[in-house]
Amino acid sequence: MLQYTIRRILLIIPTLFFVALITFTLAKMAPGSPFDKNPDKPPSQATIDRWNRYYGLDKPVAEQFAMWLGNVARFDFGVSITRQRPVADIIGQGFPTTAQLGLQALFLSLAVALPLGIVSALRQNTIVDYASLFFATIGTTIPSFVIAIFFIYIFGVGLRLLPFVGWGTPQHMIMPTVILSLGSAAFLTRITRASMLEAVRQDYVRTARSKGLREQVVIVGHVLKNALIPVATVVGPAAAALITGSFIIETIFSVPGIGREYIRSIVALDYPVIMATTLLYAFFIVVANLTVDLVYGMLDPRIKVGK
Amino acid sequence: MADLLEVNDLHTQFFTRDGVVHAVDGVSFSLAAGETLGLVGESGCGKSVTALSLMRLIPQPPGKITEGSIVFDGQDVLKMDDDDIRGIRGNNVAMIFQDPMTSLNPVLTISRQISEALELHLKMDKGEARKRTIELLELVGIPSAKKRVDDYPHQFSGGMRQRVMIAMALSCNPKLILADEPTTALDVTIQAQILDLLKNLAREFRTAFILITHDLGVVAGMTQRIHVMYAGRIVEKADTGELFANPKMPYTWGLLRSIPRLDERRKEKLIPIEGLPPDLIAPPTGCRFEPRCQYRRDICREKEPELAAVPNAKPDHEARCWGTQNVPGGGWLVATDWRREVGDTSVIEEIRRGDDTAAAGE
Amino acid sequence: MATATTHAQERAAELNVLVRRQRSLWRDAGYRLMRNRAAVLGLAVIVAAALMAVFAPVIAPYDPTLQNGKVGNFEPVWTGSKYTSPDYVLGTDVLGRDMLSRLIYASRISMVVGFTPTLVIFTLGIAVGLSSGYFGGLVDQVLMRITDVVYAFPDFLFLLIIVASFRNSAFGLLLDGLVLIFVALAIVGWVGVARLTRGQILQLKEREFTEAARAIGAKPARIMWRHLLPNALAPLIVSAAFSVPGAIIGEATLSFLGVGIRPPTASWGAMIQQAFPSFSTNPWGVLLPAVSISIVMLAFTFVGDGLRDALDPRMKT
């Protein structure tokens, strides 16, 4: 188990290396320079040369990548081209906001999905079940930015109940958090419900009933324990979905997090920021998946982790 | 002697999209304390549903017990409230299921799964329950039970898991065990061991049991009486010895023809019964076996026979067949020699000898 | 394995879930799909949207890029405000272009973006997955390594980076950015299909009918094509049914973020992006394309769910 964990942790490094390599290669293949943003007033060649030297863009590509890697190892992510600020500063400033948004959304989606999925499976084909299926279908089907539009129209523009620009007060957090959580909540509800339905019709549940156990004991002690294992395995992908969802939500609601910064850097081809943020996201996703795999190994006795 | 179990006119139905399935359609039988009974028939004849009905474990919906009574130990199971029936399940009546690979909970330890019933019904504390669990595992022949008690089901082989199921069923000293095809999912070599274990322990604990199987060869030597089921009904009832010596119903003959044997000494080919059991949504109005029966006459299609005493047989031998009943238009099978009809009877002879030895040993 | 299946069947028979008529798997699935009202509705919506896309020039009252030159935009007629015009039923956008015509033309983008990459993704993914699953070896090794990396690279992140990188290249400008979106979606999508196919093949390869085919000397290509693929098809079809709306969402989101379809071409995502800054004053410019996307998405989901339930009744969720 320990050996397996260590191996998995070490595997993070090559994975991140490839992510960085792909991102770097793609960014280098991009035509156009981040400096010619204003077509009416192109910067002089001398200025461009100076900037190129400053950002090390005059060196061969391989050397640039090596240099970049070396810097990253020292937690130096370079300087944003369009903002003229260290990337580490930009990320450091946005990170708490993004982390708060993401965690709130993750907890909210679990808090909604687990009870909803369980109840709708136990009350299959009742109004509760149909309502949760409806919610799950909407949430997994309609893209978050479209749902955001409807929310803003109803609660922001129409009822004027909630602000929809900026971040800070609890009121500001409600819409971004709810909408960001919606997709994952819907997805997890579906999985929980399906997994419960699968578990309740297993033979061992009948065995448990044949022992004379109370229905609550059968559900909690026998069904849930099995049904939640598949759910745990998709919390990783759900977390990844939250991360990518946060770009869009932060952009729509002008939330000052890394997601909005990321989209800005993508549009502006600000690749020091693109590189650093991509790497950061990849890191979180790898760690989330690793955690889930290890938890899975602990939850399911049939999985012999490390063998 | 008051019977331990008395089932009267039991009807269990499943309400499906295609119609109402009459899975168990008027089954009656009784069982004395400590008595053993074999319930035999093809897949889909309603034997498992009968067993599940006895414990009220029919999934509802779509299933429902629509008629009849099940009197266990003087109480009607069908009239009990949920708490009372739970007090009986696992405590007075226990069940062993067909597939030990899926009938144990994969994420709970063996210890947990057996102790559960002990703590619930016998009010043992955790320590006592664990001690008793280890004793039970030793009793069913699990080697180094003390070490293995904390293992999970996947760490056991199929045969070992079925032993665990038996330990679980015996845990609260039930008066009745329902064993639903307990060996079907197991290797042939393991089957005999498990059957022996079940028989010996039931005798030791003086537990009545109902053994459900599709294989007449399995019940021989296991149970005192045999009820043959077909299409939701009991079609022949007899003592085990009587049934093998003097089977009456053509369906039973078909089952006898299809007993497999391991050593392939059977001279003729195994002959399966031709055709499929009838659709239980709209069963035939006459004898339910009539469409597949090679001895049928017009009367069979017109009217369904009752389960009635068979002439020239032991008094408690009954069959649901016009051919064996001395009624106008019936009785054409009374004098038929079943041995000629079945063909190779060597397996049956062997089973009978084994059964006699077993009986003599008692 | 065999015994387990027979037991499952016996069990099913025991509980009298009777299979009364033997129908072929596909006909049976088609029958179940057609009995699913939501799926039929979804299918109808998709067919309507496809027809709308094909006949856009005939149906649309105006050129979608024509600016009417009037100051300020019209609102849809049902709002009853004074800024409406009977000539523009759904109003105009801020540049004075007819909303209805733009919405109709935008359906072309969604339909093309939905189906084209899916075709590429499944052809490529199935080919790689088949050979990886059947032969193992180098292809399999490489596929699994790629999978590891892609696992850490969420689809949308990858999509964004590819699109951002090539947006300004000559290639990125083809068909107003549409070609780049195709390619990016295909690059991101094929790995998942390859993985799904591989998993299926690995399972099927161990089954008796494959053994039997091999025993009678069937060539690998024949085994793959005649024995493995047909049996792996059901989950692949379901996955394709969800891949189409996935691609449509991808395009819409990219365009909404301003890195997708280039103006003046109409796409629902791009329309939202252009109208979003004036959402408070002119909500219809945003709401109408948003509603269009929602309807098409729901239609695809209904069909996808219906297909899944029809092809694998046990998986009914």
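Our structure's up above, just so we're on the same page.
Predicted, not measured: the structure shown is a model, and the values here were computed from it. Along each chain, the written sequence defines residue order, and numbers are assigned to residues from 1. Written order decides the labels, with chains lettered from A and ligands numbered from 1. Only residues with pLDDT of at least 70 get local features here, since the model is predicted, and only at 80 or more are side-chain atom pairs given and counted; chain-wide, interface and lining totals rely on the full set of residues. The side-chain numbers reported here are obtained from all heavy atoms of the structure, hydrogens and water having been left aside.

### As for the overall build of chain B
Put simply, DSSP H or I for four residues or longer makes a helix, DSSP E for two residues or longer makes a strand, and each gets a number counted from the N terminus. Helix and strand counts for chain B come out as 14 helices and 12 strands. What the globule rule says is 2.2 Å times the number of residues to the power 0.38, and the radius of gyration is computed from C-alpha atoms. Here chain B has a C-alpha radius of gyration of 21 Å; the compact-globule value for 362 residues is 21 Å, and the two agree. Each principal axis of the C-alpha distribution contributes one length, and for chain B these read about 70 × 45 × 40 Å. The buried label applies to any residue whose accessible area, calculated with a 1.4 Å probe on protein chains only, is under 20% of its type's maximum; exposed applies above 50%, and partly exposed to all values in between. Every one of the 362 residues in chain B was classed for burial, and the buried ones make up 58%. Note on contacts: a residue pair is in contact if any heavy atoms of the two residues lie within 4.5 Å. Contacts spanning at least 24 positions in sequence make up 63% of the contacts within chain B whose residues lie at least 6 apart. Entry remark: accessible area of chain B is about 15000 Å², with carbon and sulfur atoms responsible for 49%. Charge assignment in this entry is limited to Lys and Arg as positive and Asp and Glu as negative, and neither His nor the chain termini are counted. To locate a charge, take NZ of a lysine, CZ of an arginine, CG of an aspartate or CD of a glutamate. Between the centroid of the 44 positive side chains of chain B and the centroid of its 52 negative side chains there is a distance of 2 Å. Here the Shrake-Rupley method, with its probe set to 1.4 Å, supplies the accessible areas, and only the displayed protein chains count as covering residues.

### Some thoughts on helix 5 (residues 126–139) of chain B
Residue and element names in this part refer to chain B. By this rule the span expected of a helix is its residue count minus one, scaled by 1.5 Å. Spanning 14 residues, helix 5 covers 20 Å between terminal C-alpha atoms, matching the ideal 20 Å at 1.5 Å per step. Each element contacted by the buried residues of helix 5 is listed here: helix 4 (110–121), helix 6 (145–148) and helix 7 (158–170). Residues adjacent in sequence count toward polar contacts only when both atoms are side-chain atoms; beyond that, a polar contact is any pair of N or O atoms within 3.5 Å, and within protein one must be able to donate a hydrogen and the other to accept it. Of the residues flanking the start of helix 5, the one acting as N-cap is Asp125, its side-chain oxygen 3.1 Å from the backbone nitrogen of Gly127. A positive backbone phi angle near 85° is found at Gly141, which sits one or two residues after helix 5.

### Notes on the nonpolar core
To define a nonpolar core, start from buried Ala, Val, Leu, Ile, Met, Phe, Trp, Tyr and Cys residues and group those joined through side-chain atoms within 4.5 Å. Membership of the largest hydrophobic core comes to 128 residues, with the highest contact counts inside it found for Phe145 and Phe253 of chain A together with Leu160 of chain C. For this core, the leading source of residues is helix 13 (residues 284–311) of chain C, giving 14 residues. Ignoring anything within four residues of it in the chain, the contact list for Phe253 of chain A reads Ala148, Ile152, Phe164, Val165, Gly166, Met175, Pro176 and Ile179 of chain A. Ile166, Ile194, Leu211 and Ile234 of chain B belong to the second-largest nonpolar core, a separate cluster that totals 112 residues.

### Examining the environment of Phe122 of chain C
Residue and element names in this part refer to chain C. Of note, Phe122 is situated in helix 5 (residues 99–135). Measuring from C-alpha to C-alpha, the distance between Phe122 and Gly189 comes to 8.6 Å, with 67 residues separating the pair along the chain. Sequence-distant contacts of Phe122, that is, excluding residues within four places in its chain, are made with Val193, Leu236, Ser239, Ala240 and Ser243.

### Comments concerning the sheet that holds strand 10 (residues 233–239) of chain B
Residue and element names in this part refer to chain B. Strands are labelled as partners when DSSP assigns at least two bridges between them. The 8 strands lie next to each other as 6-7-8-3-9-10-12-11, forming an open sheet whose pairing is mixed. What marks the edges here is a single partner per strand, and that holds for strand 6 (93–96) and strand 11 (308–309). With 6 bridges joining them, strand 9 (residues 225–230) and strand 10 adopt antiparallel strand pairing. Looking at the pairing, Tyr230 lines up with Arg233 of strand 10. Most of the contacts of helix 8 (residues 188–205) go to strand 8 (residues 208–213), to which it runs at about 160°, and overall it touches strand 6, strand 7 (176–180) and strand 8. Strands strand 3 (36–40), strand 9 and strand 10 of the sheet are contacted by helix 11 (residues 250–257), whose axis makes an angle of about 105° with strand 9. Where helices are involved, their axes are fitted lines through C-alpha atoms of the stretch in contact, as for all axes, and angles between N-to-C directions lie from 0 to 180°.

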